[in-house]
Amino acid sequence: QVQLVESGGGLEQAGGSLRLSCVVAGSIFRIGAMGWYRQAPGKQRELVASITSGGSATYVDSVKGRFTISRDNAKNTVYLQMHSLKPEDTAVYYCNADVFDRVMILRDYWGQGTQVTVSS
């Protein structure tokens, strides 16, 4: 059994910063790519940032230069550092990870979501 636990969301003013964390726990053999998605009310879920097991990162254009995704493989943790927050960043943020369990079955796992609200 694998579980992703997210933390770090909250209310922040425009121009401020937040750091999201996601810890992968359970019966893990290897974690592949990890990412952060977000979904605003009435909007589709979008990929915000992703990172390979080797640390190569990609970002949606709207967050480039403001957000940084990183991971600590020894801690099975992925982070999203968010700077210069804008009201349009307001959404529920979901952690995602591709995980091989100890019987070598690959599954896509999701965190429970954490609310990020940015006020003007």
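See the structure shown above.
Residues numbered from 1 in each chain as written. Predicted model: local features only at pLDDT ≥ 70, side-chain atom pairs only at ≥ 80, totals over all residues. Heavy atoms only, no water.

Caption draft 1: Quick look at the sheet that holds strand S3 (residues 18-26). One open sheet accounts for 4 strands, arranged S1-S3-S8-S7; its pairing is antiparallel. Looking at which strands have only one partner, the edges of the open sheet turn out to be strand S1 (2-7) and strand S7 (67-72). Strand-to-strand, the axes of this sheet are offset by a mean angle of 15°, without reference to chain direction. One ladder, built from 6 bridges, connects S7 with strand S8 (residues 77-82); its direction is antiparallel. In the strand pairing of S8, Ser70 is matched with Tyr79. (Pairing = 2+ DSSP bridges. Helix = DSSP H or I, 4+ residues; strand = E, 2+ residues; numbered from the N terminus. Axes fitted to C-alpha atoms, helices over the stretch in contact; angles between N-to-C directions.)

Caption draft 2: Expanded view of the packing of aromatic side chains. Taken as a whole and judged by the stated rule, the model has 1 aromatic pair. Directly above the aromatic system of Tyr79 lies the positively charged group of Arg19, at a separation of 4.0 Å from the ring centroid. In this structure, Arg45 packs its charged tip against the face of Trp110, placed 4.7 Å from the ring centre. (Phe/Tyr/Trp six-rings, centres within 6.5 Å; stacked < 30°, edge-to-face > 60°. Lys NZ or Arg CZ within 6 Å of the ring centre and 35° of its normal.)

Caption draft 3: Expanded view of the pairing of strand S5 (residues 46-51). Looking at chain direction, strand S4 (residues 30-39) and S5 are connected through 5 bridges and run antiparallel. Considered in S5, the bridge of Tyr37 is made with Leu47. The hairpin turn running from S4 into S5, its antiparallel successor, is 6 residues long, and Gly42 in that turn takes a positive phi close to 75°. Of the pairings in the sheet, the one linking S5 to strand S6 (residues 57-59) comprises 3 bridges and is antiparallel in character. In the strand pairing of S6, Ala49 is matched with Tyr59. Adjacent in sequence and paired antiparallel, S5 and S6 are bridged by 5 residues, among which Gly55 carries a positive phi angle near 100°.

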